[in-house]
Each structure stands twice: as structure tokens, then as C-alpha cells.
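Next come the chains, spelled out residue by residue.
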Amino acid sequence: MLGCLLNNDSDDMSLKDKAIILQIKSMKNLKLMMIGIGFLSFLSCTQTSQYAVKKYVEDENAKLPIKVTEYESYDSIKCNGKENNVIMYYSVTSDLVAKSIKEQDSELAKKIFIDLIHKRPDLWVFIQMMKNADYSITVKYLTSEHAVVKEITVTPEEYGQEVDAAQAKINVKDKINDEVKSIKSLCPSDVDEYTILKDVEMDWEKMRFTYQYELHDVEIEDPNEFKDNMREHIRPIVLGPALMLYRESNITIIYQYKVADDTIKILFMPEENYQ
């Protein structure tokens, strides 16, 4: 009956029949129009998110490079639209630091990266833009000669998941243990012409992390003056991103220097806000 009405253009139709036909045709056109609007909205949303990611990357790149630590800098961030990927480039100027990063577990590093971006409110908007645009994030560590030290890629499915607070604490402890293990494997190592890194130790019972250094061809006339000078030199490192996980875990950070028969310890404690 409906098919007959829609295909019937004769003059014998009543005004009522014509009204029904017009109503049905209007409904069909409306449905088609709504489907089209829905598709355009989806397309527009995706394109808007991609544009937003590109604009964010351009703005961030204009602020770079930024020195992260004494031996590491955040150099640039690039958007690869063809591969739906944003790449963050870091350079490492110390061979010892580069070797340590290379030795560290990539899956643990990925977990910590995801935990950290979820903890930073200033990155929530960026992460949402990335997720809407279906972009992955790659972190690349390079040497001064542009050799790749480590490369970590996090997909939207991975960084889009909710972070479990209990698991995040386990991840931090595992990451610290992994870092300590990687540094230990490189000891002893020459830091400079006067300093040797002999060992590192993490004592979870006392919540203490210790760097053990040995100084040679150096005479220290006043140990207290040496401690004060070294404290001023070390404090920015302790308060920087390299030891952030240790600070957030309320771990006392100790720099221990052995000079001839003397041992000098410089402590940075959480109860003193690492000052």
C-alpha cells in the first residue's frame, strides 16, 4: 500500500493521500539529513581535535629547548599527522646517564609516564585532545650524536585508561628499583676527572637512597665549607625531575663522598622539604 502511494502521481489521489506522501518523503529526507549531519559532526570533531593537537605542538615547540637536568634537555616536540603520532625529543649529554636510561625497563618507564600525565592537571586537556584525535605519544631519548638511546610509544588505549592508585604506587617502587639496578650495573664509573661513582643503594626499610662517590686528587681543608658548597650545587638536582619519584615517595636522598680516610655525607630529607 505504501509503495503504491509513493509511486502514484495520478490526479485521482485525494488531498489526504498527497499529504501522507509528502509527510513520508519529508521524514525520509529528514533521516537522511540527520545521518549526514551526524557524519559531518564526527568528521568535524576529529578534524578539530587534530587541529588542536597540531596547534598545541606548535605552541609547545616554541618554548623549547628546556634544560631538564644537568645532562638532559627537552629539545622539541613534533606532530606526525600521517601516523597519528606526537613525538617528544630529549637529548642526553652524559654517556653514563645515557647508559643508565638504556638499561632501564621500557614497560616500567611507560607505566610511570602514563601515571605522571594523569597526575598533572595541566595535561588533562592535551590528553583529551590526543585521545579524541586518536594520536599516540612517543618519547625519544637521543645522544648528542642523535643516536637513539630509548624510544617509548604510548597508544590512546594505554594512556586513556583510568589509573589505579594502588598499582601506581607499586609502579613507582618498581621503577626506583629498576633505576637503582641500572646504575649499579654501571658502577664504578668516572663522573669527572676527580669523581668516581662507586655504588648506589636503596634502603626501603629506612627509606634512604644513597649515592656513594669517591674523590681523588682533591684536598679538602674545611669539610663544613665543602658540604655547604656541594649542598648548593646538588640542591637543584635533588629538587629537579630526575629525583621526583624519590621525593614523592618521601625518601631521604644522600650524597656520600669518600676522601682519603674521611667520609662526608650530605642529606636531603623530606621533613626539611629537601632543603
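Structure: see above.
Parameters and conventions
- Throughout, residues of each chain are indexed from 1 in the direction in which the sequence is written.
- Owing to the predicted nature of the model, reporting of local features is limited to residues with pLDDT of at least 70; listing and counting of side-chain atom pairs is limited to 80 or more, with chain, interface and lining totals taken over all residues.
- To get the side-chain values, take all heavy atoms of the structure and skip hydrogens and water.
- Pairing of aromatic rings covers Phe, Tyr and Trp, the last through its six-membered ring, and needs centres within 6.5 Å; plane angles under 30 degrees mean stacked, over 60 mean edge-to-face, and all others mean tilted.
- A helix here means a DSSP run of H or I that spans at least four residues, while a strand means a run of E at least two residues long, and both kinds are numbered starting from the N terminus.
- Each residue gets one of three labels from its accessible area relative to the maximum for its type: buried under 20%, exposed over 50%, partly exposed in between, using a 1.4 Å probe on protein chains only.
- One bridge is not enough; two strands pair if DSSP finds at least two bridges between them.
- Any two residues whose heavy atoms approach within 4.5 Å are treated as being in contact.
- Note on definitions: angles span 0 to 180 degrees between N-to-C directions of axes, and those axes are lines fitted to C-alpha atoms, for helices only across the stretch in contact.
- By definition, a salt bridge exists where a carboxyl oxygen of Asp or Glu is found within 4 Å of a side-chain nitrogen of Lys or Arg.
- Angle categories: roughly parallel below 35 degrees, roughly antiparallel above 145, roughly perpendicular from 65 to 115, and oblique for all the rest.
- Left-handed describes a crossing in which the near helix is turned anticlockwise from the far one by less than a right angle; the clockwise case is right-handed.
- Each polar contact in these results corresponds to two N or O atoms within 3.5 Å; when the atoms are within protein, one needs to be able to donate a hydrogen and the other to accept it, and residues that are neighboring in sequence are counted only if both atoms are side-chain atoms.

**Focus on the packing of aromatic side chains**
Under the defined criterion, the tally for this structure stands at eleven aromatic pairs. Between Phe 209 and Tyr 246, the ring centres sit 4.8 Å apart and the planes meet at 35°, which makes this aromatic pair tilted. Pair noted here: Phe 209 is in strand 8 (residues 208–215) and Tyr 246 is in helix 9 (residues 244–248), with a separation of 37 residues, a long-range link. The class of Tyr 246 is buried, set by a relative accessible area of 2%. Seen in terms of ring centroids, Phe 226 and Tyr 257 are 5.7 Å apart; in terms of plane orientation they differ by 90°. Their pairing is edge-to-face. In this pair, Phe 226 sits in helix 8 (residues 223–238) while Tyr 257 sits in strand 9 (residues 252–259), placing the two residues 31 residues apart along the sequence.

**Points about the pairing of strand 3 (residues 85–92)**
For strand 3, the tally of buried residues reaches eight of eight residues, placing the bulk of the element in the interior. Here strand 3 shows no split at all, with Asn 85, Ile 87, Tyr 89 and Ser 91 on one side and Val 86, Met 88, Tyr 90 and Val 92 on the other all buried. Sheet topology places strand 2 (residues 72–80) next to strand 3; eight bridges connect them, and they run antiparallel. Paired with Asn 80 across the bridge in strand 3 is Asn 85. Here strand 2 folds back onto strand 3 in antiparallel fashion, the turn holding four residues, of which Asn 84 has a positive phi close to 50°.

**A look at the environment of Lys 198**
Structurally, the position occupied by Lys 198 is in strand 7 (residues 195–203). By relative accessible area, which is 39% here, Lys 198 ends up partly exposed. Through-space distance from the C-alpha of Lys 198 to that of Glu 214 is 6.6 Å; in sequence the pair is 16 residues apart. Residue contacts for Lys 198: discarding those within four places in its chain leaves Cys 187, Pro 188, Gln 212, Tyr 213 and Glu 214.

**Remarks on the sheet that holds strand 1 (residues 66–69)**
Strand order in the open sheet made by the five strands is 1-2-3-4-5, with mixed pairing throughout. Each edge of the open sheet is held by one strand with a lone partner, namely strand 1 and strand 5 (148–154). Neighbour to neighbour, the strand axes of the sheet diverge by 25° on average, direction disregarded. Looking at chain direction, strand 4 (residues 136–143) and strand 5 are connected through six bridges and run antiparallel. Residue pairing across strands places Val 139 opposite Ile 152, the latter belonging to strand 5.

**Here's the deal with the pattern of salt bridges**
Under the definition given, this model contains ten salt bridges. Between Glu 158 and Lys 110 there is a salt bridge whose closest N-O contact spans 3.4 Å. Of the two residues, Glu 158 is situated in helix 6 (residues 156–159) and Lys 110 in helix 4 (residues 106–119); the sequence distance between them amounts to 48 residues. Among the salt bridges present, the one from Lys 175 reaches Glu 179, with a minimum N-O distance of 3.0 Å. Within this pair, Lys 175 and its partner Glu 179 are both found in helix 7 (residues 165–184), separated by four residues, close to a single helical turn. For Glu 179, a relative accessible area of 14% translates into the label buried.

**Quick look at unusual backbone geometry**
With an omega of 10°, the peptide bond between Leu 64 and Pro 65 qualifies as cis. Tracing the sequence through the fold places Pro 65 in the loop between helix 2 (15–61) and strand 1. The linkage connecting Cys 187 with the following residue, Pro 188, adopts the cis geometry, with an omega of -5°. In this structure, Pro 188 sits in the loop between helix 7 and strand 6 (189–190).

**A few points about the packing of helix 4 against helix 7**
Between two packed helices, what matters for the description is the angle formed by their axes and the separation of those axes. Where helix 4 contacts helix 7, the axes come no closer than 9 Å and their chain directions differ by 135°. Judged on the interaxial angle alone, helix 7 and helix 4 are oblique. Crossing handedness for the pair helix 4 and helix 7: left-handed. Counted together, Leu 108, Ala 109, Lys 111, Ile 112 and Asp 115 of helix 4 and Ala 168, Asn 171, Val 172, Asp 174, Lys 175 and Asp 178 of helix 7 form the full contact between these two elements.

**What about the side chain of Ser 73?**
Mapping Ser 73 onto the fold places it in strand 2. Of the polar contacts made by the side chain of Ser 73, one reaches the side chain of Asp 75; its length is 2.8 Å. Ignoring anything within four residues of it in the chain, the contact list for Ser 73 reads Ile 66, Lys 67, Val 68, Tyr 89, Tyr 90 and Ser 91.

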